[in-house]
Amino acid sequence: MFAPRSGLAGLLLATAALTAAALPQSASASFSGSSGKIAWISNGVLRVDDPYDALPPRTITTVPKAEEPLNVLSPESAVSWSPDGTKLAFVKSIPNGVFQDMTAIHVADLSQATNPDGTEGPITWERVSSPYPGKVASCNLCEDGEVTFDHAPAWTPAGDLSWIRQVYADDAAQHVAENGATVMAKPYETGLSGAVAHIPLKPYGVVESMVWPQGAGEPAVIIAGADGTQVMKASSKQKITQELGVGDMDASPDGSRMVIRTTTTSGPRMKVIRWSTGEVLYDYKLAFSDTAVRYAPDGTRLIVSGCANDRSGQQHCGWKTHRIPDPDGDVRDTDPVEEPYLDGNPAWVIGHTSALGGRSTGDIQSQDVPVIFAPGFLGSEIVCGGEKVWMPAIPPIHLERIAMAADGKTEAACPAASPTGKEVDSFLGADVYGHATDWLKDIKTRAGDPDGWYVMGWDWRKSPEESFKRVDEQIDRLVKQDLPRRQGVSRAAFATHSYGSLLMRAYIEDPARAKKVARMVTVGAPWWGAPKPVFPIAFGIEGPDFSALDLFIKNENLRTFIINSGGAYHLAPSDEYGQWLTYDAVRQDQGGVRRFLGSTGGNEALFAAARATHQKIDGFKDYAGKIDFRSVTGIGLPTVEKVSIAPSFDGQAAIGLFFGQGDGTVPVRSATQGDMGTTNPLGDDVHIQYRCGVPHMRQTADGFTQRAYADFLTSGAIPRRMPHTNCSLSGQVVKVFRNVPIGQPTPRSLGRAAPTAGGKSLADAELADEIDVIRLPGQTTIVTSDGLGGPIGFDAEGDRFSISAITDAGEGVPRQYGPVTGRVVLGGTAAQPVVSVDGQVVSPNAEGGPSAGAGSSSGTAPLARADAPADALAARLKVAKALRVDAKGRVRVTVGANMAATGTITLKGKGGKPLAKAAKMRLKKAGMTRVSLTLAKVARANIRRRGVVATLAVTLRSATGQTSRAAVKTTLRTRR
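As a starting point, this report considers the structure included with it. (Residues numbered from 1 in each chain as written. Predicted model: local features only at pLDDT ≥ 70, side-chain atom pairs only at ≥ 80, totals over all residues. Heavy atoms only, no water.)

## Quick look at the overall build of the protein
When its secondary structure is counted, the protein shows 16 helices and 57 strands. A buried classification covers 60% of the 976 residues belonging to the protein. If you take every contact in the protein between residues at least 6 apart in sequence, the share linking residues at least 24 apart comes to 64%. (Helix = DSSP H or I, 4+ residues; strand = E, 2+ residues; numbered from the N terminus. Buried < 20%, exposed > 50% of the residue type's maximum accessible area, 1.4 Å probe, protein only. Contact = heavy atoms within 4.5 Å.)

Quick look at the structure:
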């Protein structure tokens, strides 16, 4: 029977036969989300701290102390965050008449703990349970005394509050039927409560703690009995596992697993077990200091008390993460299993409940961190006076209307031009960044935070720092929405594409701004720039990122816009990229590139400013892991790595392109900040994954990429491993020695037209990112990759063209075709191309034709790779479509090569009949020269009557014996 101050003796006598560790403990469960604030009890004080702000921990209230061994009716109990991360359940002592104080469940409301300006707001708390008051036996022989207390608060998956009510009653006591433990639950908002399950002291034992896994219809409890401890389902009484001793327990965010810290004959171990069966999925031996465990809200790690070394080898003690084995996760063999967690926080003592040992008192808040997507260059809307200039619903496009002044900041054409804050969804029905909206909306809705995302339109025309304020505004706006504000969220997660990645890398260079970023995945980032984005500055062709731009904009209009765009210069190769431009046979350093761009009308000051930015931000930066930084790199597509330009006397230029691995726009070395496959990139050692065969503008629309990083963005979970494929470079370069009109895509195709007998048009294929059409001076270069699209076609007018395969070894020997007239359809593979003209398959010319060195594609006449001397010689021939003959029967042509050479020039008519005596020439060094040919008298007479079609050819030989031949058709006419 129970009497004043004798309750301890009665309690221990009743339970001594069951266990020496009979005191009840606490309950908790993790809920999916991002790791947020820490709540813990130390020395009888409940505190909470946000490790990501600069404020010290806050004290909420005092609670029972574990250091008081007689505190049996008011035991210390672990705290428990609510599923929405706004409330904290804990136990606190309340008076119990003549008995010792007993504990009741209390809930603290932290939804106003942080004011909008970042200062501390109020924390209020209230009592929410009413344990039965203790009753002293009414007489010495009466068996009607009882004591009770509530402890071990936990939240149900529905957000209701549950706890354990412990009752010790004599045989005639009012609540004798509840002797033992009863799991109580109440909908928090309604105040109603009721019993969920009853677990009597006999035959089960003392219920020590409880967790209620997500999706489960009943909680799991730890029961201490004579044979050790067991984890049991409270309602069904199904045993999950039996152990010698269980000292801590938690449930995974999805409810499928549990983690327990158990005592074994070989020492303490941590075990991850399956909720449904108790099957051990993973276990490992612990240090004796590793006493506390929680499942991280991301579900891929455990959070354990103890010590771990950081990447510099310095030891940190407190909380650490322990990575759970995951064969599908983006994990490297060299990645540490354990890492310090929340480094730099005040050193707190992680207490345990009850003097006789028990469950740890700390718990980790699950936060709904917002997700922001930053599009790349040309990816956000720009308006002028309310009219959408970029991107209009249909052509024409007038980018010159939103051009910048020479300072790269001031509007030159429209003072009111500005971004709308919205991304470009689509153009002519083809997706641009509309997929980003669908992706973020879907992943955040599934995570229970349908409003916590934003696709951020920004001013890509300018340098990154011009948009920092916009990034600040969007982070601040999202974290102040209802749920994040009540949770005290202060950071955001980012997904970025292309130039948007440079924006965010520059943004986090400032440590104060970096504290606003929780994690980031960058896709297709031109960290060190790329040669291809220089094309619109120098030649007015192509668009950075959106290569199909030149389908709709005249070259001169594109150059007018792009020349003063600071953003475009940030996409040019940086110092780290290395020498990429060869001009007039000389490799150029950054000073040479600047002078070259200046000679084409480019803005040297903006180039210099972009170069200075790269010198600060090149190299990954994650602040010792405080920003979880991940990167995705596209490979498997022919990508321009270097450019060679040979000027000529007539103001034109021979342009050579050299291809290598990349995503079609960004070379792999730039995107990885090191060689492909590197585990030691420039800067911090971030994780890099590769995606094979996806064009640059389709990378963030790729389903594999979206699935791999969905949970990473919403909760910080380890990303999924991208598919392993053989991603050797396999494509082809088609060089048509004429500026082929490619038209515009047909509205019904929208870049998705099925191949027909005439092949998909170049415009449709380019808009669909199946090919890249580069219109160099005097030549159209078509770059394809195996596995993309189907046959493509163009209309030829007496054209010659060549097809070269591209592999990891470079560009192969070209197959020469033509001259042909009709509908040319290109199909097959890079290794075995199939070419037809008006439906008839044609073979390459046996006699060859205009040729190129390995790895190059050039306009006017090809150039060889400067780093491939075995293929260095390349002849060049500049001839107009109509070649004029003077009164003395002479014609003058421009011939050249990229190295010293000698050779012969011939002029032949129909059937190969010579029209002039072959002329010899000699070049003492690389360059161009003028050569005169004198026509035979018969040829002159024919020309006077009518024009004569002729073929001009040059064959050159270098001092080392290399040969190169170039030929072109022309029409001979007399001068008038």
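## Some details on the sheet that holds strand E9 (residues 161-169)
Reading across the sheet, the four strands line up as E8-E9-E10-E11 and stay open at both edges, with antiparallel pairing between neighbours. Looking at the sheet topology across the chains shown, the edges are occupied by strand E8 (146-155) and strand E11 (194-199). The sheet shows a mean angle of 25 degrees between the axes of neighbouring strands, taken without regard to direction. As paired strands, E9 and strand E10 (residues 180-186) are joined by seven bridges and run antiparallel to one another. Opposite glutamine 166, over in E10, you have alanine 181 as the bridge partner. (Pairing = 2+ DSSP bridges. Axes fitted to C-alpha atoms, helices over the stretch in contact; angles between N-to-C directions.)

## Some remarks on helix H12 (residues 604-617)
With 14 residues, H12 extends 20 Å from end C-alpha to end C-alpha; this agrees with the ideal 20 Å at 1.5 Å per step. Burial in H12 covers these residues: Leu606, Phe607, Ala610, Thr613, His614 and Ile617. All buried residues of H12 project into a common sector of 120 degrees when viewed along the axis, lining one side. Turned more than 90 degrees away from the buried face of H12, the exposed residues are Ala605, Gln615 and Lys616. Buried residues along H12 sit in contact with helix H6 (499-507), helix H10 (566-570) and helix H11 (590-599). Count one or two residues on from H12 and you reach glycine 619, which has phi positive near 105 degrees. (Expected span 1.5 Å × (residues − 1). Arc of directions from axis to C-beta.)

## Examining unusual backbone geometry
Geometrically, the link from lysine 202 to proline 203 is a cis peptide bond, its omega value of 10 degrees lying close to zero. For proline 203, the location among the structural elements is in helix H2 (residues 201-204). In this model, leucine 378 sits at a positive phi of 70 degrees, which is unusual for a non-glycine residue. On the secondary structure map, leucine 378 appears in the loop between strand E25 (371-374) and strand E26 (380-384).

## Let's talk about the nonpolar core
Counting 109 residues, the largest nonpolar core has Trp390, Ile402, Trp460, Phe494, Leu597, Val643 and Leu713 as the members making the most contacts within it. Take this core: its biggest share by element is six residues, from H6. With residues near it in sequence (within four places) discarded, leucine 713 still touches Val371, Trp439, Ile443, Ala493, Phe494, Ala495, Arg519 and Val521. Core analysis: the second largest hydrophobic core is formed by 29 residues, Leu877, Val895, Ala901 and Leu933 among them. (Core = buried A, V, L, I, M, F, W, Y, C linked by side-chain atoms within 4.5 Å.)

## Considerations on the pattern of salt bridges
Following the criterion strictly, the structure yields 47 salt bridges and no others. Residues glutamate 411 and arginine 461 are paired through a salt bridge, measuring 2.6 Å at the closest nitrogen-oxygen approach. With a gap of 50 residues between them, glutamate 411 in the loop between strand E27 (387-390) and strand E28 (418-423) and arginine 461 in the loop between strand E31 (453-455) and helix H4 (468-479) connect regions that are remote in the sequence. The class of glutamate 411 is buried, set by a relative accessible area of 16%. The salt bridge partner of aspartate 628 is arginine 630, with a shortest N-O separation of 3.0 Å. Taken individually, aspartate 628 and arginine 630 each receive the classification buried, so the pair is uniform in this respect. (Salt bridge = Lys/Arg side-chain N within 4 Å of Asp/Glu carboxyl O.)

## Notes on the state of the cysteines
Within the structure shown, the criterion is met by four disulfides. Sulfur-sulfur distance for the disulfide between cysteine 307 and cysteine 317 comes to 1.9 Å. Residues cysteine 307 and cysteine 317 share a disulfide whose torsion about the S-S bond is about 105 degrees; that sign makes it right-handed. Residue cysteine 307 is found in strand E21 (residues 301-309), and its partner cysteine 317 is found in strand E22 (residues 315-323); the two are separated by 10 residues along the sequence. Each disulfide of the protein joins two cysteines, and with those cysteines numbered along the sequence the arrangement is 1-2, 3-4, 5-6, 7-8. (Disulfide = S-S within 2.5 Å.)

## Observations concerning the side chain of glutamine 661
Within the secondary structure, glutamine 661 is located in the loop between strand E38 (653-660) and helix H13 (668-672). Since its relative accessible area comes to 8%, glutamine 661 is described here as buried. A polar side-chain atom of glutamine 661 sits 2.6 Å from the main-chain amide nitrogen of glycine 636. Reaching out from glutamine 661, the side chain makes a polar contact with the side chain of aspartate 808 at a distance of 3.3 Å. The contact partners of glutamine 661, leaving out residues within four places of it in the chain, are Ile635, Gly636, Leu637, Thr639, Glu641, Pro667, Val668, Met676, Cys727, Ser728, Leu729 and Asp808. (Polar contact = N/O pair within 3.5 Å; in protein donor to acceptor, adjacent residues only side chain to side chain.)

## A short note on the packing of aromatic side chains
Under the criterion given, the structure shown has 16 aromatic pairs. Here the aromatic rings of tryptophan 460 and phenylalanine 561 are separated by 5.9 Å at their centres, their planes lie at 65 degrees, and the arrangement is edge-to-face. Of this pair, tryptophan 460 sits in the loop between E31 and H4 while phenylalanine 561 sits in helix H9 (residues 555-562), and the two are 101 residues apart along the sequence. The exposure class of tryptophan 460 is buried, given its relative accessible area of 0%. An aromatic cluster of at least three residues, connected via ring pairs, comprises Phe377, Trp390, Trp458, Trp460, Tyr499 and Phe561. (Phe/Tyr/Trp six-rings, centres within 6.5 Å; stacked < 30°, edge-to-face > 60°.)

## A word on the sheet that holds E27
Spatially, the three strands line up as an open sheet ordered E27-E26-E28, and their pairing is antiparallel. In this open sheet, the two edge strands, each paired with only one partner strand, are E27 and E28. Ignoring strand direction, the axes of neighbouring strands in this sheet form an average angle of 45 degrees.

## Observations concerning the environment of serine 498
You can see serine 498 is positioned in the loop between strand E32 (492-497) and H6. In this structure the C-alpha to C-alpha distance between serine 498 and threonine 700, which are 202 residues apart in sequence, comes to 9.8 Å.

## A few points about the environment of arginine 269
Position of arginine 269 relative to the elements: it lies in strand E18 (residues 267-274). For the pair arginine 269 and aspartate 290, spaced 21 residues apart in the sequence, the C-alpha separation amounts to 9.3 Å. In this view, arginine 269 contacts Ile260, Arg261, Thr262, Thr264, Asp283, Tyr284, Lys285 and Leu286; residues no more than four positions away in its chain are not counted. In terms of polar contacts, arginine 269 uses its side chain to reach the side chain of aspartate 283, at 2.7 Å.

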